[in-house]
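This is what each chain is made of:
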Amino acid sequence: MKDCFGTIYPDLERLQFGATVSGKVFRVSVTTLGPGHRDRKLEVDSREWEDCQRCEDFRNCYDFSTARLNVQQALARV
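Residues numbered from 1 in each chain as written. Predicted model: local features only at pLDDT ≥ 70, side-chain atom pairs only at ≥ 80, totals over all residues. Heavy atoms only, no water.

## Thoughts on helix α2 (residues 58–76)
In step 1: For α2, built from 19 residues, the straight-helix expectation of 27 Å at 1.5 Å per residue is met to within 8% by its first-to-last C-alpha distance of 27 Å.
In step 2: Taken together, the buried positions of α2 are Phe58, Cys61, Ser65, Leu69 and Gln72. Along the long axis of α2, the arc covered by the buried residues comes to 65°, so they all point the same way. Pointing more than 90 degrees away from the buried face of α2 are the exposed residues Arg59 and Leu75. (Helix = DSSP H or I, 4+ residues; strand = E, 2+ residues; numbered from the N terminus. Expected span 1.5 Å × (residues − 1). Buried < 20%, exposed > 50% of the residue type's maximum accessible area, 1.4 Å probe, protein only. Arc of directions from axis to C-beta.)

## Description of the side chain of Ser65
In step 1: Tracing the chain through its elements places Ser65 in helix α2.
In step 2: Here the side chain of Ser65 touches Thr7 through a polar contact of 3.5 Å, landing on its backbone nitrogen.
In step 3: At 3.3 Å, the side chain of Ser65 and the backbone nitrogen of Ile8 are in polar contact. (Polar contact = N/O pair within 3.5 Å; in protein donor to acceptor, adjacent residues only side chain to side chain.)

## Brief notes about the pattern of salt bridges
In step 1: As enumerated under the stated definition, the model contains five salt bridges in all.
In step 2: Here Glu48 ties to Lys24 by a salt bridge, and the two come within 2.3 Å at their closest N and O atoms. Taken together, the residues Glu48 in helix α1 (residues 46–54) and Lys24 in the loop between β1 (20–22) and β2 (26–32) connect sequence positions 24 residues apart.
In step 3: Glu48 sits in the partly exposed class, given a relative accessible area of 27%.
In step 4: Taking the shortest distance from any N to any O, the salt bridge between Arg59 and Asp63 comes out at 2.8 Å. Residue Arg59 and its partner Asp63 are both found in helix α2; the two are separated by four residues, about one turn of the helix. (Salt bridge = Lys/Arg side-chain N within 4 Å of Asp/Glu carboxyl O.)

## Some words on the nonpolar core
In step 1: Counting eight residues, the largest nonpolar core consists of Ile8, Tyr9, Val25, Phe26, Cys52, Phe58, Cys61 and Leu69.
In step 2: No other element matches α2, which puts three residues into this core.
In step 3: If we ignore the near neighbours within four places in the chain, the residues touching Tyr9 are Gly23, Phe26, Tyr62, Ser65, Thr66, Arg68 and Leu69. (Core = buried A, V, L, I, M, F, W, Y, C linked by side-chain atoms within 4.5 Å. Contact = heavy atoms within 4.5 Å.)

## Side note on the environment of Ala19
In step 1: Tracing the chain through its elements places Ala19 in the segment before β1.
In step 2: Classification of Ala19 as partly exposed rests on a relative accessible area of 28%.
In step 3: Residues Ala19 and Val30 lie 11 residues apart in sequence; the distance between their C-alpha atoms is 7.1 Å.
In step 4: Contacts of Ala19, omitting those with residues within four sequence positions, involve Val28, Ser29 and Val30.

## Observations concerning the pairing of β2
On a regular strand, one side chain projects to one face of the sheet and the next to the other, so that they alternate.
In step 1: One ladder, built from three bridges, connects β1 with β2; its direction is antiparallel. Across the sheet, residue Ser22 finds its bridge partner in β2, namely Arg27.
In step 2: The antiparallel pairing of β1 with β2 creates a hairpin that spans three residues between the two strands.
In step 3: Relative to strand β3 (residues 38–44), β2 runs antiparallel, the two sharing seven bridges. When the sheet's bridge partners are listed, Val30 is paired in β3 with Arg40.
In step 4: Once β2 ends, the chain turns through five residues before running back antiparallel as β3, passing Gly34 with a positive phi of about 120°. (Pairing = 2+ DSSP bridges.)

Rendered as structure tokens:
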């Protein structure tokens with residue numbers, strides 16, 4: 001299994017205002033623009049996505065990455 005397994009999306013638990021959090025393919029950042037105003041940015045690395053799709057473990061990695069993201073989102077709502 002590759003070191004990047006399960007890291008297609010960034011680890012949202014590390015998200016902090018003003019900093020970029022990166023996964024293998026996706027990067028996100030959130031900055032505040034004053035009370036109640038947020039600037040959200042999503043970047044996609046197309047070359048990394050293509051690299052992921054060529055990987056023999058892509059389907060398993062994608063499923064695991066998505067499951068991890070879903071659990072992080074659920075925990076953020078608790």
